[in-house]
Amino acid sequence: MPTSTARVPKRNKRELEKHRRLLEQKKAELSSELAKARTAEEESNDESTQDIADKAVSSYTREFLYSLTDGERTVLLQIDEALGRIDDGTYGFCLNCATVLSDKRLNAVPWTPYCVDCQELSEKGLLEG
Ligand SMILES: [Zn+2]
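Residues numbered from 1 in each chain as written. Predicted model: local features only at pLDDT ≥ 70, side-chain atom pairs only at ≥ 80, totals over all residues. Heavy atoms only, no water.

### Quick word on the overall build of the protein
Cut-off, in case you're wondering: Under the scheme used here, helices are H or I runs from DSSP no shorter than 4 residues and strands are E runs no shorter than 2 residues, and both carry numbers assigned from the N terminus. Residues count as neighbours in contact if any of their non-hydrogen atoms are within 4.5 Å of one another. In this description, accessible areas are obtained by the Shrake-Rupley approach with a 1.4 Å probe, and a residue is regarded as covered only by the protein chains that are shown.
Across its full length, the protein carries four helices and zero strands. Contacts in the protein between residues far apart in sequence, at least 24 positions, make up 57% of those at least 6 positions apart. Counting only carbon and sulfur atoms, one obtains 53% of the accessible surface of the protein, whose full area is about 9000 Å².

As structure tokens, then:
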């Protein structure tokens, strides 16, 4: 009985569950950090009681928070996509070249959509789509 997933090697279910736990853990972690950053952002927006030196510090802090939360928002998005791929059975493959991602890579960056080579291309803006 042929199935549409027959040519896709199955990943170990226990490994998948382990990665799912890792992803959900990281997601919870990032969500609470983002919430904290947002609170700090709001507080630093309240400048009515600050003198000039404080303002300089808080604008530096704000820039730092913006860059931090941008990166973390991206990771959160990638985590959600990775969880979706676990559900539809495509987790663990490079989205670009469909190569099987190594356990080492998945353990280091469980939400990564790409193999090392494609990740590099993506960072250079050389990936299509
Ligand atoms: Zn690849």
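Structure shown, so let's carry the discussion forward.
### Looking at the coordination of the zinc ion
Put simply, the rule reads: Coordination partners: N, O, S within 2.8 Å of the metal, 3.2 Å for Na, K and Ca; water not considered, so apparent gaps in a site are possible. By the criteria applied here, four donors are tetrahedral when all angles lie between 85 and 135 degrees, four are square planar and six octahedral when opposite donors are over 155 degrees apart and every other angle lies between 65 and 115, and any other arrangement is irregular. Burial here depends on accessible area, computed with a 1.4 Å probe over protein chains only, as a share of the maximum for the residue type. Under 20% is buried, over 50% is exposed, and the range in between is partly exposed.
Protein-derived ligands of the zinc ion are Cys94 (SG), Cys97 (SG), Cys115 (SG) and Cys118 (SG), with the metal-ligand distances lying across 2.2 to 2.3 Å. Coordination at the zinc ion is tetrahedral: its four donor atoms span angles of 104 to 115° at the metal. Considered as a linear motif, the donors of the zinc ion on their single chain read C-x2-C-x17-C-x2-C. Of the two residues, cysteine 94 is situated in the loop between helix 2 (52-88) and helix 3 (103-108) and cysteine 115 in the loop between helix 3 and helix 4 (116-123); the sequence distance between them amounts to 21 residues. Residue cysteine 94 shares its accessibility class with cysteine 115, and that shared class is buried.

### Let's talk about the nonpolar core
Rule in force here: Definition of nonpolar core: a set of buried residues of the types Ala, Val, Leu, Ile, Met, Phe, Trp, Tyr and Cys, connected through side-chain atoms within 4.5 Å.
In this structure, Leu23, Ile79, Tyr91, Cys94, Trp111 and Cys118 are the most contacted members of the largest nonpolar core, which totals 19 residues. Contributing elements (two or more residues each) for this core: helix 1 (13-45) and helix 2. By residue number, the principal contributor to this core is helix 2, which donates six residues. In contact with cysteine 118, other than residues within four places in its own chain, are Cys94, Asn96, Cys97 and Leu127.

### Thoughts on unusual backbone geometry
A positive phi angle is found at alanine 98, which is not glycine, with a value near 65°. Along the chain, alanine 98 turns up in the loop between helix 2 and helix 3. Residue alanine 98 is classed as exposed on the basis of its relative accessible area, which comes to 52%.

### Structural notes on the side chain of histidine 19
This is how it is decided: A 3.5 Å cut-off defines polar contacts: any pair of N or O atoms within that distance qualifies, except that in protein one atom must be a possible hydrogen donor and the other a possible acceptor, and neighbouring residues in sequence count only when both atoms are side-chain atoms.
Note on placement: histidine 19 falls in helix 1. Of note is the side chain of histidine 19, whose polar atom sits 3.1 Å from the side chain of asparagine 107. When residues no more than four places from it in sequence are discounted, the contact partners of histidine 19 are Ile86, Tyr91, Leu106, Asn107 and Pro110.

### Description of the pattern of salt bridges
Applicable threshold: Any Lys or Arg side-chain nitrogen found within 4 Å of a carboxyl oxygen on Asp or Glu counts as a salt bridge.
Within the structure shown, the criterion is met by six salt bridges. Between lysine 26 and glutamate 29 there is a salt bridge, with its nearest N and O atoms 3.8 Å apart. Placement of both lysine 26 and glutamate 29 in helix 1 is noted, with a separation of three residues, approximately one turn of the helix. The class for glutamate 29 is partly exposed, based on a relative accessible area of 40%. In this structure, the salt-bridge partner of glutamate 120 is lysine 124, at a minimum N-O distance of 3.5 Å. By relative accessible area, which is 56% here, lysine 124 ends up exposed. One network of salt bridges, in which partners are shared, links Glu17, Arg20 and Asp87.

### Quick notes on the confidence of the model for the protein
Where we set the bar: What pLDDT conveys is the predictor's confidence in a given residue, as a value from 0 to 100.
Averaged over the protein, the pLDDT score is 82; the fraction of residues at 70 or greater is 74%. Ranking the helices and strands of the protein by mean pLDDT puts helix 4 first, with 94, and helix 2 last, with 79.

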